[in-house]
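A look at the structure
Next come the chains, spelled out residue by residue.
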Amino acid sequence: GSQLNAGLWLRYYLPYHLLAEVGYGTLYHKAESTFAQGIFEGKVTSDSLVMEVPFLVGGYLTVAERLYLRGAVGPAMFFFARSFWDIESGAISDFKADNGYGFHALVGATYLLADSFGLDLEARWRQLETGSLRETESGQVVKSGFLRHDGSDETYRLDFSGLSVSLNLCVFFM
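The residue numbers shown here count from 1 along each chain, following its written sequence. Totals for whole chains, interfaces and linings use all residues, but because this is a predicted model, local features are given only for residues with pLDDT of at least 70 and pairs of side-chain atoms are given and counted only at 80 or more. As a rule here, side-chain values come from all non-hydrogen atoms in the structure, and water together with hydrogens is ignored.

A closer look at the pairing of strand S4 (residues 67-87)
In terms of strand pairing, S4 meets strand S6 (residues 100-114) through 12 bridges, oriented antiparallel. Note on S6: the bridge partner recorded for Val73 is Ala105. Two strands are said to pair when DSSP picks up at least two bridges between them. Strands here mean DSSP runs of E at least two residues long; helices mean DSSP runs of H or I at least four residues long; both are numbered from the N terminus. Here S4 runs beside strand S5 (residues 92-97); their pairing, made up of six bridges, is antiparallel. Along S5, the bridge assignment pairs Ala81 with Ala97.

This is the structure we're talking about:
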């Protein structure tokens, strides 16, 4: 599958090379898989979405006059974990998961093009796995075996964990 991320981050540079960052992000994941339920088999296309709010603390170093390196870690709240499945038969199902917590770690470099404008290259690792996925209307829990041929009885979860690399535009308020 493929995943897209979008976000808005507010970063505050504190004295003694410390920084704090809070943000609001949206993660979208599209995937195709096969399902097996009894004698029925087919394909499912899923569109999954989650919103997150990370709270990070870390540090920064001035490497050159306009180049800064930084790193930060912290928890992230996530909410609106939804998944929409388009099953081969034409049926569309709507699933949701409870709100929860994840974790972020990042390293990045910022180059100031002007006093209040810069470019940011960042690698961000997130651990974000939801609790059990449930049908929105009935509340019925989805089992992993529905999408695998191994007969698994575990519940199905949305997993947005992984590494992302981004190039960002930064505006500084001084």
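Let's talk about the pattern of salt bridges
Here, a salt bridge means any side-chain nitrogen of Lys or Arg that lies within 4 Å of a carboxyl oxygen of Asp or Glu. In this structure the tally under the stated criterion is 12 salt bridges. When the shortest N-O distance is used, the salt bridge between Glu21 and Arg124 registers 3.0 Å. Highlighted residues: Glu21 in strand S2 (residues 18-37) and Arg124 in strand S7 (residues 117-127), separated in sequence by 103 residues. For the residue pair Glu21 and Arg124, the accessibility class agrees, reading buried in each case. The partner of Asp94 in a salt bridge is Arg82, with the nearest N and O atoms 2.5 Å apart. Think of it in three bands: with a 1.4 Å probe and only protein chains considered, a residue is buried below 20% of the maximum accessible area for its type, exposed above 50%, and partly exposed in between.

Structural notes on unusual backbone geometry
Positive phi is not limited to glycine here, since Tyr16 has a value of about 60 degrees. Relative to the assigned elements, Tyr16 resides in the loop between strand S1 (2-14) and S2. In this structure, His17 is a non-glycine residue whose phi angle is positive, near 60 degrees. If you trace the backbone, His17 turns up in the loop between S1 and S2.

Thoughts on the side chain of Arg70
Relative to the elements of secondary structure, Arg70 occurs in strand S4. Classification of Arg70 as buried rests on a relative accessible area of 6%. Polar contact criterion, stated in full: a pair of N or O atoms within 3.5 Å, where within protein one must be able to donate a hydrogen and the other to accept it, and residues adjacent in sequence count only if both atoms are side-chain atoms. There is a polar contact of 3.3 Å between the side chain of Arg70 and the side chain of Thr110. At 2.9 Å, the side chain of Arg70 and the side chain of Asp120 are in polar contact.

Quick look at the confidence of the model for the chain
The quantity called pLDDT is the predictor's confidence in a given residue, expressed from 0 to 100. In this model, the chain carries a mean pLDDT of 88, and residues with pLDDT of at least 70 account for 90%. S2 is the least confidently modelled element of the chain, averaging 87 in pLDDT, while S6 averages 96, the highest of any element.

So, the side chain of Asp120
For Asp120, the position within the fold is in strand S7. Looking at Asp120, the relative accessible area reads 1%, which means it is buried. A distance of 2.5 Å separates polar atoms of two side chains, one belonging to Asp120 and the other to Thr110. Should any heavy atoms of two residues lie within 4.5 Å, those residues are counted as being in contact. Contacts of Asp120, omitting those with residues within four sequence positions, involve Arg11, Arg70, Ala109, Thr110, Ser166, Leu167, Asn168 and Cys170.

Topic: the environment of Leu128
Along the polypeptide, Leu128 turns up in the loop between S7 and strand S8 (129-132). Measuring from C-alpha to C-alpha, the distance between Leu128 and Glu52 comes to 9.2 Å, with 76 residues separating the pair along the chain. Other than its neighbours up to four places away in sequence, Leu128 contacts Val50, Glu52, Phe78, Leu158, Asp159, Phe160 and Ser161.

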